[in-house]
Structure formats: structure tokens, C-alpha cells
Amino acid sequence: MGVSVRTLSVAGVICLLGGAGLATAAQSERVRPAPTTPAAVIAAPPVSDADRRAELNARLAQMIRDGKGGRLADPARRAQPAAPPRAAPARPRARPAVSVAPSREEPPGSIAPPTADPFARPSANRGGRYVAPRLDLATAPRIPDNDIECLTQAIYYEARNESEAGQAAVAEVVLNRSRHGGYPRSICAVVYQRNSKTCQFTFTCDGSIGRGQVNLTAWRRAERIAREVYDGRATAQLPKSAVNYHANYVRPSWGQRLERVRQIGAHIFYGSPLSGANPGAGEGETAAPPRQTGLIFVRNEALERAYALAMGRSEAPAEPAAASAGA
């Protein structure tokens with residue numbers, strides 16, 4: 001009976017402990033949260049950039065209202081020492097100004113240039129080689145009645161490609177001829193003077209007038225120079241005796257009988273005759289004569305006399321003073 005009671009007591013204690021454990025386990029089961037499943041997670045709505053900027057602006061405005069705006073400013077920089085002023089770069093020395101004469105625009109003239117003739121003969125100069133022009137001495141020229149016009153024509157057709165000094169020198173020759181006793185008194189008569197063999201100024205009888213369109217700028221310049229020389233406003237370059245000239249690519253026969261004065265550009269000017277004659281008034285310009293070729297035999301009287309003495313004759317046979325033959 002006693003054993004039974006202890007056994008029951010032990011069994012009761014075990015039962016009490018077991019019941020307490022089951023109660024604790026049930027309580028822990030009630031406290032443990034239920035496991036979440038993926039279906040129970042709710043996705044948060046996305047935040048846009050505009051919302052972030054609005055939130056940031058609100059925070060900045062609140063900081064400024066709270067007196068914390070200093071945190072938004074950049075930290076103060078240390079004062080840098082002032083840099084020494086740079087010296088101004090040295091300016092290059094100014095070159096002395098070179099006075100350049102402005103190009104003189106020719107004023108409108110009063111002399112009308114010749115009109116182009118569609119039936120005019122072509123020029124005689126071909127390929128840069130001088131060819132003697134064909135002269136028309138049978139057709140009477142149209143001689144202007146204005147001295148300035150004739151002087152302008154002489155300058156333009158004789159020296160329009162020369163310098164102004166060369167053009168003025170041609171005008172001086174025309175004026176010197178009009179004041180010379182061996183030429184006509186009128187300037188137009190001097191320019192258009194001719195004979196049965198040639199004309200004094202080639203452009204008046206070789207078809208140069210009207211052959212092509214006149215360069216208006218060169219024509220106005222020639223007219224201006226003609227007026228300056230005619231009125232005596234141009235400085236004289238030739239003596240009063242200079243009444244002849246020719247281009248440097250021809251060799252007239254009268255060139256050796258005149259005093260050569262000077263050369264301006266492509267023209268050679270001559271003064272007084274060396275022998276007192278007046279060449280040039282009736283002679284034309286020709287191309288340089290060709291060099292003589294072949295052998296030239298000339299009699300030597302001393303050699304003939306010595307040969308006669310050697311042959312035993314007292315005198316050499318009488319023959320002409322000189323003989324020549326071409327071989």
C-alpha cells in the first residue's frame with residue numbers, strides 16, 4: 001500500500017510536468033507569428049524623379065527657414081596673394097610709312113576714239129616677229145582738224161604700251177617737227193605726212209586706225225598726256241632738235257647719220273644730223289639688213305707691184321681700182 005502511494009505520487013508529478021510542458025508549447029505556438037507567403041507582400045508604389053526633386057526642394061526650403069542656409073553655401077576660400085601686374089608686351093617698331101601715289105583715274109576726255117572697222121586688215125606683227133607692214137599709200141586718209149586729236153592718235157598708236165615718259169617723248173617729237181623748217185607747220189599735217197614711198201607715222205597708212213576696239217583707259221591717258229605736252233605743262237625730255245625716233249627692233253638707214261639722244265622704253269630718239277642733212281623726212285624704217293655672206297676679193301696695189309717685179313715686169317697690168325665678187 002505504501003509502495004503504491006509513492007508510485008502514484010511520482011506518476012502524478014510526471015503528469016504535472018508533462019502538462020506544464022504542453023501548455024508552454026501551446027503558448028509559444030500562439031505567440032510565433034504566422035509565416036508570410038509571397039502573395040502577402042504588397043509592392044510599394046515607385047517614386048518618380050519629379051517627386052524626389054519636390055521633396056528635396058521642400059527640405060532645402062525648410063533648412064533655409066530654420067536658419068540653416070549657411071550649410072548650403074560653399075566653404076570660404078583662402079585669399080590668394082595678388083599676382084604682380086604683367087608687363088605690357090613690347091609693340092613692334094612701326095615701319096616708316098611708304099607714300100604710294102594713288103592710281104590717277106583718267107578724267108573723261110573730249111576726244112572720241114576711232115571706231116572699229118570690221119573690214120580692217122589684220123596686224124602685220126605675227127608670233128612676236130617683226131614683219132614690215134603693208135602700206136596703203138593710194139587711199140587718202142581722213143585727217144582730223146583738231147591738233148589734240150592728232151597728237152592723241154600719235155601717242156596711242158605709237159606708244160600706248162610705253163610709260164608716260166615714253167608717251168610724252170613721242171608727243172615732243174611731233175611738236176618739234178611742227179616747229180622745224182623741214183616739216184609741215186600743222187600738227188595734224190606732221191602726223192599724216194606721207195609721200196609716194198612711205199608715211200612718217202606708220203599707223204596712218206597701215207590700217208592700224210580702226211583695226212580693233214580702242215582701249216578707253218589708254219586712250220584717255222594718251223589724251224591727257226597730249227594736252228599736257230601741247231600746253232607746255234609737261235617737263236621736256238628731249239632737245240628741240242629731236243625730230244626722229246624708231247623702235248629698238250628695227251634698224252633704219254638714217255639712224256647712223258643722226259646724233260643719238262636717249263632711249264626711253266622701246267624707242268630710241270635722235271637729235272641733230274651729224275652731217276648737216278635732214279634724214280628721216282623721206283625715208284622709212286626697214287628691218288635690219290642681212291649680213292653679207294661669201295668671199296670678198298679686194299685688189300692690193302702693193303702686192304700687185306711686188307708680184308710684177310718678181311716676174312720681171314716693170315709695172316703691174318692696169319686694172320680697176322677695186323673689184324668684188326661673191327662666191
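Overview of helix 4 (residues 164-178)
Line of reasoning, step 1. Taking 1.5 Å per residue as the helical rise, helix 4 with its 15 residues ought to reach 21 Å, and the 21 Å between its terminal C-alpha atoms agrees with that figure.
Line of reasoning, step 2. Within helix 4, 13 of the 15 residues are buried, leaving the element largely enclosed by the surrounding structure.

Regarding the pattern of salt bridges
Side chains that differ in charge, positive against negative, can pair when their charged atoms come close.
Line of reasoning, step 1. Counted under the stated rule, the structure contains seven salt bridges.
Line of reasoning, step 2. The salt bridge involving arginine 142 is made with glutamate 149; its shortest N-O contact spans 3.9 Å.
Line of reasoning, step 3. For glutamate 228, the salt bridge identified is with arginine 224, shortest N-O distance 3.4 Å. Of this pair, glutamate 228 and arginine 224 both sit in helix 6 (residues 216-230), four residues apart, roughly one helical turn.
Line of reasoning, step 4. Within this structure, Glu164, Arg224 and Glu228 form a network of salt bridges that share partners.

Some details on the pairing of strand 1 (residues 244-247)
Line of reasoning, step 1. With burial as the criterion, each face of strand 1 is covered, one bearing Asn244 and His246 and the other bearing Tyr245 and Ala247.
Line of reasoning, step 2. Where strand 1 lies against strand 3 (residues 267-273), four bridges are found, and the strand directions are antiparallel. Paired with tyrosine 245 across the bridge in strand 3 is phenylalanine 269.

Section: the packing of aromatic side chains
Where two aromatic rings form a pair, the distance of their centres and the angle of their planes describe that pair.
Line of reasoning, step 1. Under the counting rule described, the total for this entry stands at seven aromatic pairs.
Line of reasoning, step 2. Arranged with centres 5.7 Å apart and planes meeting at 80 degrees, the rings of tryptophan 254 and tyrosine 270 form a pair that is edge-to-face. Here tryptophan 254, found in the loop between strand 1 and strand 2 (258-264), pairs with tyrosine 270, found in strand 3; they are 16 residues apart in sequence, far enough to count as distant. Here the two residues tryptophan 254 and tyrosine 270 agree in accessibility, since each one is buried.
Line of reasoning, step 3. Here the aromatic cluster, defined as three or more aromatic residues joined through ring pairs, consists of Tyr156, Tyr157, Phe201, Phe203, Trp219, Tyr245 and Phe269.
Line of reasoning, step 4. Lying over the aromatic face of tyrosine 156, arginine 160 brings its terminal NZ or CZ to 4.8 Å of the ring centre.

Quick word on the pairing of strand 3
Each regular strand displays side chains that alternate between the two surfaces of the sheet.
Line of reasoning, step 1. A large share of strand 3 lies buried, amounting to five of its seven residues.
Line of reasoning, step 2. Relative to strand 3, strand 2 is paired through five bridges, and the arrangement is antiparallel. Across the sheet, arginine 262 pairs through a bridge with phenylalanine 269, a residue of strand 3.
Line of reasoning, step 3. Taking the residues that link successive antiparallel strands as the turn, the strand 2-strand 3 hairpin has two residues, and the phi of glycine 265 there is positive, at about 65 degrees.

Description of the packing of helix 3 (residues 147-159) against helix 6
Line of reasoning, step 1. Contact pair helix 3 / helix 6: the axes reach a minimum separation of 8 Å and the direction vectors enclose 120 degrees. Considering the angle they form, helix 3 stands oblique to helix 6. The element helix 3 and its partner helix 6 pack so that their crossing is right-handed. Of helix 6, the residues touching helix 3 (which contributes Asp147, Ile148, Leu151, Thr152, Gln153, Ile155 and Tyr156) are Ala218, Trp219, Ala222, Glu223, Ile225, Ala226, Arg227 and Tyr230.
Line of reasoning, step 2. Each residue belonging to the contact of helix 3 with helix 6 can be placed in one class, and the counts come to 10 nonpolar, two polar and three charged.

A look at the nonpolar core
Generally speaking, nonpolar side chains in soluble globular proteins are found buried as a group.
Line of reasoning, step 1. By size, the foremost hydrophobic cluster in this structure holds 37 residues, and its most contacted members are Tyr156, Val174, Ile187, Val191 and Phe269.
Line of reasoning, step 2. For this core, the elements supplying multiple residues, two or more each, are helix 3, helix 4, helix 5 (187-191) and helix 6.
Line of reasoning, step 3. Per-element tally for this core: the top contributor is helix 3, with eight residues.
Line of reasoning, step 4. The residues contacting isoleucine 187, other than those within four sequence positions of it, are Asp147, Cys150, Leu151, Val174, Leu175, Ser178 and Tyr230.

Quick notes on the packing of helix 3 against helix 4
Line of reasoning, step 1. For the pair helix 3 and helix 4, interaxial distance at closest approach is 9 Å and the crossing angle is 130 degrees. In terms of orientation, helix 3 lies oblique with respect to helix 4. In this structure, helix 3 crosses over helix 4, and the sense of that crossing is right-handed. Where helix 3 abuts helix 4, its residues Leu151, Ala154, Ile155, Glu158 and Ala159 lie against Gly166, Gln167, Val170, Ala171 and Val174.
Line of reasoning, step 2. For the contact of helix 3 with helix 4, the residue count by class is seven nonpolar, two polar and one charged.

Focus on the state of the cysteines
Line of reasoning, step 1. Scanning all chains against the criterion turns up two disulfides.
Line of reasoning, step 2. Paired through a disulfide, cysteine 150 and cysteine 188 show a sulfur-sulfur distance of 2.0 Å. Between cysteine 150 and cysteine 188, the disulfide has an S-S torsion of 100 degrees and is therefore right-handed. Here cysteine 188 lies in helix 5 and cysteine 150 lies in helix 3, a separation of 38 residues in the sequence.

Definitions and limits used
- Residues numbered from 1 in each chain as written.
- Predicted model: local features only at pLDDT ≥ 70, side-chain atom pairs only at ≥ 80, totals over all residues.
- Heavy atoms only, no water.
- Helix = DSSP H or I, 4+ residues; strand = E, 2+ residues; numbered from the N terminus.
- Expected span 1.5 Å × (residues − 1).
- Buried < 20%, exposed > 50% of the residue type's maximum accessible area, 1.4 Å probe, protein only.
- Salt bridge = Lys/Arg side-chain N within 4 Å of Asp/Glu carboxyl O.
- Pairing = 2+ DSSP bridges.
- Phe/Tyr/Trp six-rings, centres within 6.5 Å; stacked < 30°, edge-to-face > 60°.
- Lys NZ or Arg CZ within 6 Å of the ring centre and 35° of its normal.
- Axes fitted to C-alpha atoms, helices over the stretch in contact; angles between N-to-C directions.
- Parallel < 35°, antiparallel > 145°, perpendicular 65-115°, else oblique.
- Left-handed = near helix turned anticlockwise from the far one by under 90°.
- Contact = heavy atoms within 4.5 Å.
- Nonpolar A, V, L, I, M, F, W, Y, C, P; charged D, E, K, R; others polar.
- Core = buried A, V, L, I, M, F, W, Y, C linked by side-chain atoms within 4.5 Å.
- Disulfide = S-S within 2.5 Å.

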